[in-house]
Amino acid sequence: MDGTDNFADWKNSYPKGNGDDNAALISSHGWTSAKISKKNRFICEADSCEGNEEPCVNAEEIGDRFFGLIREKRSFDAAEGACQALGGHLASIHSKSEENAINKYIKENGPTDVLIGGTDRASEGNWQWSDGTAFDYENWKSGEPNHQPGDGDAMMTVKSGGSGNRVWRDRSTDAPAAFLCVFDTCPPSTLI
Ligand SMILES: [Ca+2]
Ligand SMILES: [Ca+2]
């Protein structure tokens with residue numbers, strides 16, 4: 001045996017073999033075992049992995065995305081800029097089940113009218129999401145979009161009855177409102 005078949009440079013006390021570790025890390029001190037964090041989507045060293053299954057505290061995890069509500073009122077452009085500064089965009093919505101979960105989150109946190117990421121500013125009547133995802137679902141209030149008030153190029157989700165259901169209206173991009181951001185990973189700062 002020439003030694004290559006069983007080559008390993010495990011750091012002292014690694015691998016730990018505690019059942020949770022499923023990845024190896026190469027560090028300047030040799031290999032350490034690690035487990036892959038689903039929540040944080042990176043590999044952490046075994047000794048620092050404790051607690052990484054805690055829920056995201058700054059946003060609501062829905063499906064594989066994270067939604068964060070900001071109550072401070074902003075115009076469409078300022079709201080999109082604020083979401084981007086936190087690593088996201090204004091929210092897109094892609095299914096009834098996703099919207100139901102979003103509506104529950106909004107209801108728990110208070111605001112009535114919430115700006116989301118739909119806009120038809122580039123081409124009137126051709127609605128798009130500011131995060132670039134497909135416009136593959138819609139839930140307009142009856143009679144909307146009606147191209148008003150103002151430029152009618154932004155989108156707001158509003159209450160529909162008392163059950164927490166919501167529908168969409170078009171509105172002015174200049175009118176400030178509370179807004180909902182979407183992130184691919186848990187955002188680093190507190191949003192609410
Ligand atoms: Ca419009
Ligand atoms: Ca309208």
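Residues numbered from 1 in each chain as written. Chains lettered and ligands numbered in written order. Predicted model: local features only at pLDDT ≥ 70, side-chain atom pairs only at ≥ 80, totals over all residues.

Taking an unreviewed UniProt entry as the reference, the protein chain is identified by name as C-type lectin domain-containing protein belonging to Capitella teleta.

*Asks:* Give me the lowdown on the overall build of the protein chain, citing residues and values where you can.
*Replies:* Regarding its fold elements, the protein chain presents two helices and 11 strands. Listing the helices and strands of the protein chain from first to last along the sequence gives β-β-β-β-β-α-β-α-β-β-β-β-β. Across the 192 residues of the protein chain, 29% fall into the buried class. Considering only intrachain contacts with a sequence separation of at least 6, the fraction spanning at least 24 residues in the protein chain is 57%. (Helix = DSSP H or I, 4+ residues; strand = E, 2+ residues; numbered from the N terminus. Buried ≥ 20, exposed ≤ 12 C-beta atoms within 10 Å, placed from the backbone. Contact = placed C-beta atoms within 7 Å.)

*Asks:* With reference to specific residues and values, describe unusual backbone geometry.
*Replies:* Backbone torsion omega between Glu-144 and Pro-145 reads -5°, so that peptide bond is classified as cis. Summarising the element assignment, Pro-145 is placed in the loop between strand 8 (128-129) and strand 9 (154-159). For the peptide bond that leads from Gln-148 to Pro-149, omega is 5°, which places it in the cis range. Looking at the secondary structure, you find Pro-149 in the loop between strand 8 and strand 9.

*Asks:* Give me the pairing of strand 5 (residues 65-74): which residues, what numbers.
*Replies:* Of the strand pairs in this sheet, strand 4 (residues 60-62) and strand 5 are connected by three bridges, and their pairing is antiparallel. Opposite Glu-61, over in strand 5, you have Phe-66 as the bridge partner. Hairpin geometry of strand 4 and strand 5 is characterised by an intervening segment of two residues between the two adjacent antiparallel strands and by a positive phi of about 60° at Gly-63. Strand direction decides the pairing type here: strand 5 and strand 11 (residues 177-183), joined by six bridges, are antiparallel. Considered in strand 11, the bridge of Leu-69 is made with Leu-180. (Pairing = 2+ DSSP bridges.)

*Asks:* Hey, could you go over the nonpolar core for me, with residue numbers and the actual values?
*Replies:* If you look at the biggest cluster of nonpolar residues, it comprises 26 residues, and the most contacted ones within it are Leu-90, Val-114, Leu-115, Phe-179 and Leu-180. Elements that contribute at least two residues to this core include exactly strand 5, helix 1 (76-85), helix 2 (96-109), strand 7 (114-119), strand 9 and strand 11. Among the elements that make up this core, the one with the highest residue count is strand 11 (seven residues). Leaving out residues up to four positions away in the same chain, Leu-115 has contacts with Phe-76, Ala-79, Leu-90, Ala-154, Met-156, Ala-177, Ala-178 and Phe-179. (Core = buried A, V, L, I, M, F, W, Y, C linked by C-beta atoms within 7 Å.)

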